[in-house]
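# Architecture at a glance
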Amino acid sequence: MSNLNVWAVLQLRDGQVSRAALETIAAAQQLAAALGGKAEAVILGSGVGDGAIAAAGRDLAAVHVADHADLAGYTPGAFIGALAPALRAAQPAFVVFAHTYQTVDYAPRLAHEVGAGLLPQITGFTSGADGLLFSRPILGGKLQAKVKVRGEGTVIVSIQSGAFSSDSVVAGSVAAPILALADLSEIKPDREILGLEEVGGDQIDLTKSEIIVAVGRGIGGGDKLGPVEDLAKALGAEIGASRPVIDSGWLPRDRQIGSSGQTVAPKLYVALGISGAIQHLVGMKASTCVVAINKDPGAPIFAVANYGIVGDVHEILPALTAAVKAAKGA
Amino acid sequence: MKVAVCIKQVPDVEARLRVAKDGRWIDEEDLSFVTNESDRYALEEGLKIAEATGGEVVVVSLGPDRVRDALKKALAVGAARAMFLKDPAFSGGDAIATARALAAAIRRESFDLVLTGSQSDDVGYGSTGSLLAGHLGWPHAWLVIGLEIEAGGKTAQVKREMESGMNEIFRLNLPAVIEIQAGINHPRYASLKGIMGANKKPIEEVTVAGLGLEAETVGLAGSRLEIVSVAFPESGTGAQILTGDAATAAQALVLKLRQEARVI
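A brief structural summary.

### A short note on unusual backbone geometry
Residue and element names in this part refer to chain B. The residue after Leu 174, namely Pro 175, is reached through a cis peptide bond having omega 0°. Mapped onto the elements, Pro 175 comes out in the loop between β9 (166-173) and β10 (177-180). For Leu 143, which is not a glycine, the phi torsion comes out positive at approximately 65°. For Leu 143, the location among the structural elements is in strand β7 (residues 140-150). Note on Leu 143: 23 C-beta atoms within 10 Å, which makes it buried.

### Let's talk about the sheet that holds β7 of chain B
Taken together, 10 strands build an open sheet; the order of strands is β13(A)-β9(B)-β8(B)-β7(B)-β10(B)-β6(B)-β1(B)-β4(B)-β5(B)-β11(B) and the sheet is mixed. Two strands in the sheet have a free side with no partner beyond their single neighbour: β13 (192-198) of chain A together with β11 (203-206) of chain B. Across the sheet, the axes of successive neighbouring strands diverge by a mean angle of 30°, strand direction being ignored. Of the strand pairs in this sheet, strand β8 (residues 155-161) of chain B and β9 of chain B are connected by seven bridges, and their pairing is antiparallel. Within β9 of chain B, the position partnered with Val 158 of chain B by the bridge is Phe 170 of chain B. Contacting β6 (113-117), β7 and β10 of chain B, helix α4 (residues 128-136) of chain B runs over the sheet at an angle of about 175° to β10 of chain B.

### Some words on the pairing of strand β1 (residues 2-6) of chain B
Moving residue by residue along a regular strand, the side chains alternate between the two faces of the sheet. Residue and element names in this part refer to chain B. In terms of burial, β1 is a largely internal element, four of the five residues being buried. In terms of strand pairing, β1 meets strand β4 (residues 56-62) through five bridges, oriented parallel. Looking at β4, one finds that Lys 2 is bridged to Glu 56. Where β1 and β6 come together, four bridges link them in parallel fashion. Note on β6: the bridge partner recorded for Val 5 is Leu 115.

What counts, and at which threshold
Residues numbered from 1 in each chain as written. Chains lettered and ligands numbered in written order. Predicted model: local features only at pLDDT ≥ 70, side-chain atom pairs only at ≥ 80, totals over all residues. Helix = DSSP H or I, 4+ residues; strand = E, 2+ residues; numbered from the N terminus. Buried ≥ 20, exposed ≤ 12 C-beta atoms within 10 Å, placed from the backbone. Pairing = 2+ DSSP bridges. Axes fitted to C-alpha atoms, helices over the stretch in contact; angles between N-to-C directions. Contact = placed C-beta atoms within 7 Å.

Remember, this is a structural readout, not a statement about activity or role.
As structure tokens, this is what we get:
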């Protein structure tokens, strides 16, 4: 029998409750409210007492803690081993994770381990006569799908960063009880961690750029960047790129903007032939002013842009460079 | 090493998409399909490992008739043979149902390594490979951007992408399911000889019954998720679109950037 409670698995940052953790609590509280249950939190790590006390100030039925030396660093075997017995015993309706590169590595395996359903990367949900309907991006963010859950038992959900506001977390009237998870016997680290590597660490730093001209797959090739360089020069901009451009070898990896590259917030961001997959948007959506030029009027980039031109980027580029030069010369 | 590479055929993300009449998926008529991007990198990685170790690549996919084209392309670039999970009962599955079917197919042989892409460009669950590893009882790693086989195929050194421009490097035991991220290598193109030769390579069709599975455990029947509708995001909240020929639109844009946004 699964119950109506919703668990939020919190990823601490330097022992503190991070914004992603607060968003996870917010989502769990909202799901629990829709079901008529309560949110509970789980914290994994080593020496996580302060984080647990901080989390317990929110409106939660309990804060469960797995404090274990083998949870100091991440391995899927250790994290799954800590959570699986507790989830099997409690059978919450939902278990909420922040959708991060770490949680996506182990949440599916955890679902398999406990026989749960798996619903990755939701951006919201509605509660109606037909039950809960979840939204998630599909086809590179070009469309949104509405998804319903079938059958019985726990479902593991991950939430897109920013989809649930950390400001909407409900504070508790009394501190939630902090409970140690009873069974940590299944914790089994299954990777020998050899180290971390910074990708292109001391190279181009786009985070300080005031103006960025960024190119996507729609630019068509590494040999077609001349007009892009002309525009960047006219604007006094740095050149950035979305992931497919980097993977194709058209520009070096230190130019990559997005979830696996740099996160930028210039005053002007000009997106050329970038469709606007969510992985790119998270790296540039804080820009003050976004210009999108793309041949596809349905490209998701237009939804986050302030100004747009629908058309062939190679026709518009020289005209735009000329217009910038004319305006600056005036 | 004997390597299985799981690939998925997906709609070309650059294509102009339309919602199907029933509103539950996109209209697949006149749509072009391609092999999922990260799966092409997984296939290249498998071919490199098979060449270096004197093994073979078996390419595995699930889906309707059109998937045969994706398998043929994989055979043309160097896979030795293909398993095609082709049965209407497999369709509409979420990652859990699909992984169950793939695991049953892969378990029939003894593979030293299974490679998949990290995420499909259509539904994008990013979970099928990890779930497959769960069924096989093997270690896994997701979003892998570097892979070195060690100790004669007993272990692998893996480099995995993390957020904020860092990679994590670790070792795990083989056999394992390694989920490859785009950019790990440079996928090769098929040669004319490869394309001709692909026609002679076997594509084994596999059904639900053939795998000894019950129909209610695969496809939509075996899924916890059901897509009930798809739609384009609401428009009107986004960009001011500047129209006219290239020069007119460009001049209007520069005017806006100077006088309205005041950013240049």
